[in-house]
Amino acid sequence: MTRLPNDFLWGGAVAAHQLEGGWNKGYKGVSIVDVMTAGTKGVPRKITDGVLEGEYYPNHEAIDFYSRYKEDIALFAEMGFTCFRTSIAWTRIFPNGDELEPNEEGLQFYDDLFDELLHHGIEPVVTLSHFEMPYHLAKEYGGFANRKVVDFFVRYAIAVMNRYKDKVKYWMTFNEINNQTNTSADIFGWTCSGVRYSEHENPMETMYQVAHHELVASALVVKEGKIINPTFEIGCMIAFVPFYPYSCNPDDVMIATESMHERFFFPDVHVRGYYPSYIRKEWERKGYKINMEPEDEAILKEGTVDFIGLSYYMSNAVKADAETDTSASTDGASKHSVPNPYVKASDWGWQIDPVGLRYTLVTLYERYQLPLFIVENGFGAIDEMREDGTIEDDYRIAYLGSHIEELKKAVVLDGVDLMGYTAWGCIDVISFTTGEMKKRYGFIYVDKHNDGTGSLMRSKKKSFHWYKNVIATNGEKV
Ligand code: P53
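The rules behind the values
- Residues numbered from 1 in each chain as written.
- Predicted model: local features only at pLDDT ≥ 70, side-chain atom pairs only at ≥ 80, totals over all residues.
- Heavy atoms only, no water.
- UniProt positions renumbered as here; feature names shortened; annotations may be inferred.
- Helix = DSSP H or I, 4+ residues; strand = E, 2+ residues; numbered from the N terminus.
- Buried < 20%, exposed > 50% of the residue type's maximum accessible area, 1.4 Å probe, protein only.
- Expected span 1.5 Å × (residues − 1).
- Near = heavy atom within 4 Å.
- Polar contact = N/O pair within 3.5 Å; in protein donor to acceptor, adjacent residues only side chain to side chain.
- Nonpolar A, V, L, I, M, F, W, Y, C, P; charged D, E, K, R; others polar.
- Core = buried A, V, L, I, M, F, W, Y, C linked by side-chain atoms within 4.5 Å.
- Contact = heavy atoms within 4.5 Å.

A separate point is the UniProt feature "active site" (unreviewed entry) in the protein. Here the UniProt feature "active site" (unreviewed entry) sits at Glu376. Considering the arrangement of structural elements, one finds glutamate 376 in strand E12 (residues 372-376). When its relative accessible area of 3% is taken as the criterion, glutamate 376 is described as buried.

Attention shifts here to helix H8 (residues 203-228). With 26 residues, H8 extends 37 Å between its outermost C-alpha atoms, agreeing within 8% with the 38 Å of an ideal straight helix rising 1.5 Å per residue. Across the 26 residues of H8, 19 count as buried, placing the element largely inside the fold.

Taken together, 18 residues are adjacent to the ligand, and Glu176, Phe432, Thr433, Lys439 and Tyr441 come closest. At a separation of 2.9 Å, an oxygen atom of the ligand approaches a polar side-chain atom of asparagine 179. Between the ligand and serine 431, the relevant distance is 3.1 Å, taken from an oxygen atom to a side-chain nitrogen or oxygen of the residue. Residue classes in the shell around the ligand are distributed as 8 nonpolar, 7 polar and 3 charged.

Attention now goes to the nonpolar core. If you look at the biggest cluster of nonpolar residues, it comprises 148 residues, and the most contacted ones within it are Phe76, Trp171 and Tyr467. Broken down by element, this core gets its largest block of residues, 12 residues, from H8. For tyrosine 467, the contacting residues outside a window of four places in its chain are Trp10, Gly11, Met79, Phe81, Ile404, Tyr421, Ala423 and Phe443. Listed in part, the 10 residues of the second largest apolar core include Cys83, Val125, Tyr170 and Val375.

What follows covers the environment of aspartate 49. Considering the arrangement of structural elements, one finds aspartate 49 in the loop between helix H1 (16-19) and helix H2 (65-79). The class for aspartate 49 is exposed, based on a relative accessible area of 51%. In sequence terms aspartate 49 and methionine 36 are 13 residues apart; their C-alpha atoms lie 9.5 Å from each other. Not counting residues up to four positions away in its chain, the partners in contact with aspartate 49 are Tyr135 and Lys139. Looking at aspartate 49, its side chain comes within polar contact range of the side chain of tyrosine 135, at 3.1 Å. At 2.8 Å, the side chain of aspartate 49 and the side chain of lysine 139 are in polar contact.

Spelled out as structure tokens, the structure:
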């Protein structure tokens, strides 16, 4: 094969909370993201105790996709998307999370959304949990630290998989489930699991307990999903920021290997259905006691995933004798991270490395031999609209183009089985890590600003026309 396969899926990716808005419409409940304020580079977002008067919560309105999705989907169709990745807001379906019956208005919203996509020949790719569990479950139950939340999640997943069984074929369970291995910044545990690790006596031990609950929940959902529709393809989703050894000093190489365990831990369990030896050894060494039910071992084994969804934005380098503070970092760094002198960073400090994408694909494919799906990749930048209304985002075209070139090598030269590519934030959305609007990823510009002002009008950027051509030529013209 010298080209990408003809059925390669091309599209864009978003998450419900980052674009829908309508945070209290259609009987939607308050989600964990609805209590997060806006930050900026180096200034973390605050997590408030409920929705407070006088605070600005950027996700409450976001870009109002909730009422404008038809217009936006028409633009995606114009670019030639063959798939579109979004998430279902759990709080639209079960507003508090512990109800027995789903909310019909919420279910209807996604019915209409998926119908609109299918009408344009766009395949929906759906994440069940993308940083938005009901706030009630975080506040009253302690989030996924509590085993009961597994049952609530499975109930929610079954409700939507049943409802959309003839509309959605591709599913993923937990978005970037591995973000929470950084327990020193509360945003990650909060958004992955509704847990603030800083409040726990031993954050890492709690993190593994939470992880176990989510891995069991994911496996149960895979099992149930296959009963609902055996043709479902159900994957996991990992934020893959590879760690390179800073040098060929064997100590650096070994620290990179150890650091990569942070990346492999979750997919190792999702794909193989059991805990890897290095984790069992870590638990033993540190005296961690992770509570497991007798049936869990079988559940993990029987609920392994069909494919691996991944996000790729950057790489990281580690040095054995470095000490880094990661408490305010959003760049996938570990305590041994150092800047890589061979690559440049974005304005938000994310290190740009297209070759790292091929390295990631090859590494994952050789380890797991499962189909891979790049469900996020993109470049967050400040875009300037000119007087005539045009936006010349050549830097974004350069970023995406160089990454697409590398993914092609992974398929054509290395034989990686790659299902598709969805560019992150195909329309400008609220930044996850900072809550800003000015960190933009889109092919479509949205007139909205950090302070919440703006007309919400949509405009095509230069990259819109570029991506359309990439898709039309199945990646040949980059
Ligand atoms: P924003 C770290 C490393 C790679 C991906 O982020 C990451 C992160 C942050 O945890 O997150 C993903 O908007 C996430 C999206 C998010 C996107 O990256 O902060 O799945 O929800 O918007 C980009 O620039």
